[in-house]
There are 4 protein chains.
Amino acid sequence: MSSMGNKVKIEIFGESHSAEIGMTMTGFPAGKRIDEDELYRFMLRRAPGRNATSTPRKEADVPEFICGIVDGITTGAPITAIIRNTNQHSKDYEKLRNTPRPSHADFAAAVKYSGANDIRGGGAFSGRMTAPICIGGGIAKQFLSTELGIKIGAHALAIANIYDDAFDMTNPVDICVAEDKDFPTISDDAGKKMQEAILKAKADGDSVGGIIECAITGVPVGYGGPLFDGIESKIAAAMFGIPAVKGVEFGSGFECAKMRGSEHNDAFLYEGEKVVTKTNNSGGIQGGITNGMPIIFRVAIKPTPSIAKPQSTVNLETKENVTLEIGGRHDPCIVARAVPVIEAAAALCLLDLLEEK
Amino acid sequence: MSSMGNKVKIEIFGESHSAEIGMTMTGFPAGKRIDEDELYRFMLRRAPGRNATSTPRKEADVPEFICGIVDGITTGAPITAIIRNTNQHSKDYEKLRNTPRPSHADFAAAVKYSGANDIRGGGAFSGRMTAPICIGGGIAKQFLSTELGIKIGAHALAIANIYDDAFDMTNPVDICVAEDKDFPTISDDAGKKMQEAILKAKADGDSVGGIIECAITGVPVGYGGPLFDGIESKIAAAMFGIPAVKGVEFGSGFECAKMRGSEHNDAFLYEGEKVVTKTNNSGGIQGGITNGMPIIFRVAIKPTPSIAKPQSTVNLETKENVTLEIGGRHDPCIVARAVPVIEAAAALCLLDLLEEK
Amino acid sequence: MSSMGNKVKIEIFGESHSAEIGMTMTGFPAGKRIDEDELYRFMLRRAPGRNATSTPRKEADVPEFICGIVDGITTGAPITAIIRNTNQHSKDYEKLRNTPRPSHADFAAAVKYSGANDIRGGGAFSGRMTAPICIGGGIAKQFLSTELGIKIGAHALAIANIYDDAFDMTNPVDICVAEDKDFPTISDDAGKKMQEAILKAKADGDSVGGIIECAITGVPVGYGGPLFDGIESKIAAAMFGIPAVKGVEFGSGFECAKMRGSEHNDAFLYEGEKVVTKTNNSGGIQGGITNGMPIIFRVAIKPTPSIAKPQSTVNLETKENVTLEIGGRHDPCIVARAVPVIEAAAALCLLDLLEEK
Amino acid sequence: MSSMGNKVKIEIFGESHSAEIGMTMTGFPAGKRIDEDELYRFMLRRAPGRNATSTPRKEADVPEFICGIVDGITTGAPITAIIRNTNQHSKDYEKLRNTPRPSHADFAAAVKYSGANDIRGGGAFSGRMTAPICIGGGIAKQFLSTELGIKIGAHALAIANIYDDAFDMTNPVDICVAEDKDFPTISDDAGKKMQEAILKAKADGDSVGGIIECAITGVPVGYGGPLFDGIESKIAAAMFGIPAVKGVEFGSGFECAKMRGSEHNDAFLYEGEKVVTKTNNSGGIQGGITNGMPIIFRVAIKPTPSIAKPQSTVNLETKENVTLEIGGRHDPCIVARAVPVIEAAAALCLLDLLEEK
């Protein structure tokens, strides 16, 4: 089931070209005001066509709330919102039924659903399905910030091997700096170089991947639990639920493999009355439980599989190897658009975690 | 709750120094023979004291089945097995109550459980709790191999930045080669160098981390689902449930961030009647669904936080910064012992996935 | 969360007066044809205004499918359908905010949701919310009948202490006989008397309750499980999720309390090759598992709490005891309209159970 | 899976004749003292051989806690307790493999588990499995009473059609009166008559059934939720998880079918500052949510299926109809022993409900 969460749960529905797509969020507290303008600004960060590096497709991603909110206030009942699908070119996809696109779900899904799955626009596997995640996640992000002072911010740490500045892991003061920018980097210079690299790839009929870094500040000590109750399990499961994610790491991440315990251990010390750690290789989580330091994690995003270049694939009908050229309009890089999606999924995890306790 | 799985579920119970630790597995098919000798050999791979690089503690990790199996055959009822705890030195731990060990769960857990948690040996956060995972996982691994021809194998890909040979991602023929070795590497030479590095760190009163690579072969096409139903979400959640894991990546993993779509995409081709991919950057999973290629993933393991070297921490009672020296007997590197744990957790995920369908 | 099911899951959303109400069903098999005409006929059985004994409110309960079905065939993605709300008279309800209606959720919900809940039409507690249950349940009922030969039928066994004929518990041949009738009884004479009693109550500004009997035939032996996995637990939880249900019993039900084991035990015997039972006091379930006999259960429905007669209640603002007269249009008896809802909930339980195995 | 609960979860394991049976409870708060003597006294109420009306089998139902409790205080880790099985006469059961006992799980389970299930003593379907429910439920009951002032009490309302006094549904002051009695009735005279009826049935080689009434007082307003989140769904699912339960009703229960709305509705009134209801036909629950009145429900218990009288059944091997005489030692009535089990299951539901909020 395309759902996540225990106490606060979100369920995603729809397919790339269905009449509507949407989400139902259950367990959200009653009596809370939702700022729909702020939510819409948040969703715009994911919307396509924002700048030359993303697909020219226009999607008016305006969520319509059909229940759970009266006069801007949550009622405690499930909150369901939909987005009307428009401007699809379904004819672009018909020929793909027998010639699966490399590194897309086409082939695996055709087998799983015995060919009954909706392939138009990637159906239920489309990146388009991250829009509903942003509805629920945007609401969760508002609540965490307003009611609990928990901030969540992400940025494009790397694209095409060009690196943005990294967050200060022990004291990331500016985690939301990328929010208002057209391109979500801390360093505008790095952002400029990244966009050049993306346009270069686009000109070559190709695409590029990258890494998103996300920080969560203001989380109290003591949330989570041992083994499979750990926060890393919860957040990682959410992140790998986002299309194109190939890796997730917390704190030191894969670098820890090269370190010694004496370097890697985060020494405790008192900062006034508060217990903090000198370093934050733990990424704010120890034994699956928050330790009061910022939660820091990174997510690897693969290059968009839809590229203009001719590619080798099979024809499932004729059972021959063939060459495929994909039409339609595609993103040469989805990292920038994925930044708010990562924030949204993180917000849903945190809210669920806090409401569970 | 320390449990994982939907259709086939495992629940872990116990604490490092409780009378017993154990697990209950529900949903396992009835009428299946369990080879207890093979299971015990599997668990020995995790047991300490196997060679100079692991802790000299002796743990007779013999699982006792108390229900669910009659005359070696599963009855369909929950399978519960326990391991009796012996040979603990609880006195080693008392002083830790007020001086949390850096990068351990001590501090976070003390806050979460208001100081009521059992700190002896790390309590519910102890690496010791991976033994019950190996009971359920060992049973699952037997079943997958015998009944379904699905093989699961892992090895120490890197320790202290020394690298073992990697699996051939499109055709890993020897994924179980490390099983019978005292040190779980493909290349004995790499294994020898790793052990030297571990002993060097031990001599320095320090520890080292590493990376484990795991492959799963023989998985049919079409298991898993879109978004949060994806296999990566399931496997990653299980992996991050294992103490000391800091990162998880599938297929190309974080390398994908540097690649272009044209390099990263896995071209489909016919190998006789079978559809395969030329490369396997997808790690056997596309759109969260198996595509018939080997599932490949890597797990980053941090250096053991328990080291002999003096470390800075706080005294929660006196509210001062203090220096801590940890007594007891500890692993300078847990990567080798974690290899079967990774296999066990992977086996539980796969069995659950297949039984769910 | 307003959801039920594990493998096939339904989630209900909406409030009596929200723009739309609806449901999302996940886990339904791909490639199955849905007969929307049949579904609509099924939903009409629940619709109000069918005859003089139900509320004159007109609700055009036409489900609109917004995803999960393409050209009448399920795609394997979540199936979401909505019903547009029309013809509400919200003004009827405003005065109720401070004067909770006896035996309604008004008071309990006001406390739970701190007064933020939508009280118009009963909000999320409205009998109106059973319409989405009928969408998912109607689809499940079609599938069970067409693909598996499992039939589900219910009737009004009793209303105002007037009894319909009961099903033959060992061989109920005509369980769907009430489907096509305006009033869902086996005996038209009993139905006529029931309607007279309902109209009499209505004339008195009062309401009446009753009992619904439901039978499920064609269920194979061996579904369900011990203790909390039992089918009774699953079906009972679904039934008590339907507003106004006060009791659920299987087979002999509460009558068993008066019987001796020698009368109550269902003797096994061979009927040709098939093992059957001479009686069916077990209601087709033994030890929580189906035994191949018809599943029989009964559900007690309370008299509609909304009555025209003046009633005593409190004013939560002035903290006084007051007299309340409820306006609006209400059902003097909801038993007849609840019959298809019981069938729908039973169908969802059975489908989930079969898909789980 | 034989588990119940979301936030506080209990999982039952074991079979009637396995080495041990037991339970794991997760999510129970840390730092709480468990009174093991009180728990043992509670479990004795379920133990057999207490008086002439129950089986002479002696079971030393002493729970051994193997983890989750240190020095009598919960640690926050899963609490696992086991009961060693002794004094079984397994030989009594072998002949039953091919001749299923009427109204037992033998036949259904044999099909479900392809004959691999442990039939000794009923295996996982044995009433013996209610002992672990009493461990977790006894702990929950202590906690609810000590920490939250929530009391739970049950009694044998009817056995063999002989009725005990019923609880006052609006103000049941003495709900725990039956706790300390050898036979759990409010009226000793009724209890005496019931025991005579049981012994009479026993003398006839027969058995009798009955009804248990349970009350829960001190529950705050506002717990539960609409539709499938309702408390009735949760409690009913738990009750039907107890072997031999055939019916569950809340408040007025099946009587509501004969009533009119004007009789059935519970008028609200102020009792000082507190809102109460004049009657309690709602059983303390409206719209699935607690309304502050006592929760009242009744459970129908069938006559013990194991009787000495010869019975008709089938031989699954020879495929003939045969006559069966059951040996072994059996309860002519399990109602009295089931009373604490009902309390235990109710306590687990309530604790889960309160911890969830």
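If you tally the helices and strands in chain A, you get seven helices and 18 strands. For a compact globule of 357 residues, the expected C-alpha radius of gyration is about 21 Å, and chain A comes in at 21 Å, within 12% of that figure. Dimensions along the principal axes, computed over C-alpha positions, put chain A at roughly 70 × 50 × 35 Å. Expressed as a percentage of its 357 residues, the buried residues of chain A come to 66%. Residue pairs in contact within chain A that sit at least 24 positions apart in sequence constitute 70% of those at least 6 positions apart. Accessible surface computed for chain A: about 11,300 Å², of which carbon and sulfur atoms make up 50%. Separation of charge centres in chain A, based on 38 positive and 45 negative side chains, amounts to 4 Å.

Right, let's talk about helix α1 (residues 36-44) of chain C for a bit. Residues and elements named next belong to chain C. If you check which residues of α1 are buried, you get L39, F42 and M43. Down the axis of α1, the buried side of the element spans an arc of 95 degrees, and every buried residue falls inside it. Turned more than 90 degrees off the buried face of α1, the exposed positions are D37 and R41. Residues of α1 that are buried sit in contact with β4 (64-67), β7 (79-84), α3 (130-148) and α7 (335-356).

Summed over all chains, the structure comprises 95 salt bridges over all chains. Measuring nitrogen to oxygen at the nearest pair gives 2.9 Å for the salt bridge that ties E196 of chain D to K192 of chain D. Taken together, the residues span about one helical turn, with E196 of chain D and K192 of chain D both in helix α4 (residues 188-203) at a distance of four residues. Using a relative accessible area of 52% as the deciding quantity, one classes K192 of chain D as exposed. Linked by salt bridges that have partners in common, K200, D204, D206 and K309 of chain A together with R260 of chain B make up one network.

Attention shifts here to the relation of the copies chain D and chain C. When chain D is fitted to chain C, the residual RMSD is 0.0 Å, and the transformation amounts to a turn of 180 degrees plus an axial shift of 0.0 Å. The relationship between the two copies is best expressed as a two-fold rotation axis. By residue overlap, the copies meet face to face through one surface: 100% of the interface positions of chain D are interface positions in chain C.

All right, on to the sheet that holds strand β3 (residues 20-26) of chain A then. Residue and element names in this part refer to chain A. A sheet is described by the order of its strands in space; here five strands give the open sequence β1-β2-β3-β7-β4, paired in antiparallel fashion. Sheet topology places β1 (3-4) and β4 (64-67) at the edges, where each strand pairs with a single neighbour. Strand direction decides the pairing type here: strand β2 (residues 9-13) and β3, joined by five bridges, are antiparallel. Paired with E11 across the strands is T24, a residue of β3.

All names here are of chain A. At their nearest, the axes of helix α1 (residues 36-44) and helix α3 (residues 130-148) sit 9 Å apart, and the two run at 135 degrees to each other. By the angle class used here, α1 and α3 are oblique. α1 and α3 meet at a crossing whose hand is right-handed. Contacts from E38, L39, F42 and M43 of α1 reach α3 at A131, C134, I135, G138, I139, K141 and Q142. In the contact of α1 with α3, the residues fall into seven nonpolar, two polar and two charged.

One finds M239 and F297 of chain C together with M239 and F297 of chain D to be the most contacted residues of the largest nonpolar core, which totals 154 residues. When near neighbours in sequence (up to four residues on either side) are disregarded, M239 of chain C contacts V245, V248, F297, V299, I342, A345 and A346 of chain C. Residues I133, A140 and I342 of chain A together with A344 of chain B belong to the second largest nonpolar core, which totals 152 residues.

Let's shift gears to the environment of I307 of chain B. Within the secondary structure, I307 of chain B is located in the loop between β16 (295-301) and β17 (311-315). When the C-alpha atoms of I307 of chain B and G205 of chain B are compared, they prove to be 5.9 Å apart, with 102 residues separating the residues in sequence. Sequence-distant contacts of I307 of chain B, defined by excluding residues within four places in its chain, comprise G261, S262 and N265 of chain A together with G205, D206, S207 and I326 of chain B.

Our next topic: the pairing of strand β13 (residues 274-277) of chain A. Strand direction decides the pairing type here: strand β12 (residues 268-271) of chain A and β13 of chain A, joined by four bridges, are antiparallel. Bridged to L269 of chain A within β13 of chain A is V276 of chain A.

This brings us to unusual backbone geometry. Backbone geometry follows two general trends: most residues other than glycine have a negative phi, and most peptide bonds adopt the trans configuration. A positive phi angle, close to 50 degrees, is found at S114 of chain B, a residue other than glycine. As for its position among the elements, S114 of chain B is in the loop between α2 (106-112) and α3 (130-148).

To continue, consider the pairing of strand β12 (residues 268-271) of chain D. On β12 of chain D, burial follows the alternation: F268 and Y270 of chain D on one face are buried, whereas L269 and E271 of chain D on the facing-out side are not. The antiparallel hairpin formed by β12 of chain D and strand β13 (residues 274-277) of chain D contains two residues in its connecting segment, where G272 of chain D sits at a positive phi of about 65 degrees.

On to a nonpolar patch on the surface. All names here are of chain A. On the surface, Y40, L44 and V62 cluster together into a nonpolar patch covering about 230 Å² of accessible area. With respect to the element layout, Y40 can be found in helix α1. Judged by relative accessible area, Y40 falls into the partly exposed class, the value being 32%.

Let us look at the sheet that holds strand β9 (residues 162-163) of chain B. Strand order in the open sheet made by the 10 strands is β9(A)-β8(A)-β10(A)-β16(A)-β11(A)-β11(B)-β16(B)-β10(B)-β8(B)-β9(B), with antiparallel pairing throughout. Bordering the open sheet on either side are β9 (162-163) of chain A together with β9 of chain B, each of which pairs with just one other strand.

Now for the interface of chain D and chain C. Taken together, the contact pairs 102 residues of chain D with 102 residues of chain C. At the boundary of chain D with chain C, total buried surface from both sides reaches about 7,900 Å², with 63% on carbon and sulfur atoms. Here chain D is connected to chain C by three salt bridges. One salt bridge connects D204 of chain C with R260 of chain D, and the closest N-O pair in it is separated by 2.7 Å. One can count 29 residue pairs in polar contact (both at pLDDT 80 or more) joining chain D with chain C. Among the elements that take part in the side of chain D that touches chain C, helix α5 (residues 231-240) of chain D stands out by supplying six residues, more than any other. Note: strand β11 (residues 245-250) of chain C against strand β11 (residues 245-250) of chain D, three bridges, orientation antiparallel. Looking at β11 of chain D, one finds that E249 of chain C is bridged to G247 of chain D.

On to the packing of aromatic side chains, then. Counted by the stated rule, this structure contains 24 aromatic pairs over all chains. Here the aromatic rings of F13 of chain B and F13 of chain D are separated by 6.4 Å at their centres, their planes lie at 5 degrees, and the arrangement is stacked. You can see F13 of chain B sitting in strand β2 (residues 9-13) and its partner F13 of chain D sitting in strand β2 (residues 9-13), one on each of two chains. By relative accessible area, F13 of chain B is classed as buried at 1%. Linked through ring pairs, F240 of chain A together with F250 and F297 of chain B together constitute an aromatic cluster.

Moving on, we come to a negative patch on the surface. All names here are of chain A. Taken together, the side chains of D35, E36, D37 and E38 make up a negatively charged region of the molecular surface. Following the sequence through the fold, D37 ends up in helix α1. Judged by relative accessible area, which is 55%, D37 ranks as exposed.

A few words now on the confidence of the model for chain A. Of the residues in chain A, 96% reach a pLDDT of 70 or more, and the chain-wide mean stands at 93. Reported confidence for the predicted complex is 0.96 by ipTM and 0.96 by pTM.

Analysis parameters
- Residues numbered from 1 in each chain as written.
- Chains lettered and ligands numbered in written order.
- Predicted model: local features only at pLDDT ≥ 70, side-chain atom pairs only at ≥ 80, totals over all residues.
- Heavy atoms only, no water.
- Helix = DSSP H or I, 4+ residues; strand = E, 2+ residues; numbered from the N terminus.
- Rg over C-alpha atoms; globule rule 2.2 N^0.38 Å.
- Buried < 20%, exposed > 50% of the residue type's maximum accessible area, 1.4 Å probe, protein only.
- Contact = heavy atoms within 4.5 Å.
- Areas by Shrake-Rupley, 256 points an atom, 1.4 Å probe, with all protein chains shown as cover.
- Lys, Arg positive; Asp, Glu negative; His and termini not counted.
- Charge placed at Lys NZ, Arg CZ, Asp CG, Glu CD.
- Arc of directions from axis to C-beta.
- Salt bridge = Lys/Arg side-chain N within 4 Å of Asp/Glu carboxyl O.
- Least-squares fit on C-alpha atoms with pLDDT ≥ 70 in both.
- Pairing = 2+ DSSP bridges.
- Axes fitted to C-alpha atoms, helices over the stretch in contact; angles between N-to-C directions.
- Parallel < 35°, antiparallel > 145°, perpendicular 65-115°, else oblique.
- Left-handed = near helix turned anticlockwise from the far one by under 90°.
- Nonpolar A, V, L, I, M, F, W, Y, C, P; charged D, E, K, R; others polar.
- Core = buried A, V, L, I, M, F, W, Y, C linked by side-chain atoms within 4.5 Å.
- Patch = residues over 30% accessible without salt bridge, like charges linked within 9 Å, V, L, I, M, F, W, Y side chains within 5 Å.
- Buried area = accessible area lost by both parts, 1.4 Å probe.
- Polar contact = N/O pair within 3.5 Å; in protein donor to acceptor, adjacent residues only side chain to side chain.
- Phe/Tyr/Trp six-rings, centres within 6.5 Å; stacked < 30°, edge-to-face > 60°.
- pLDDT = per-residue confidence, 0-100.

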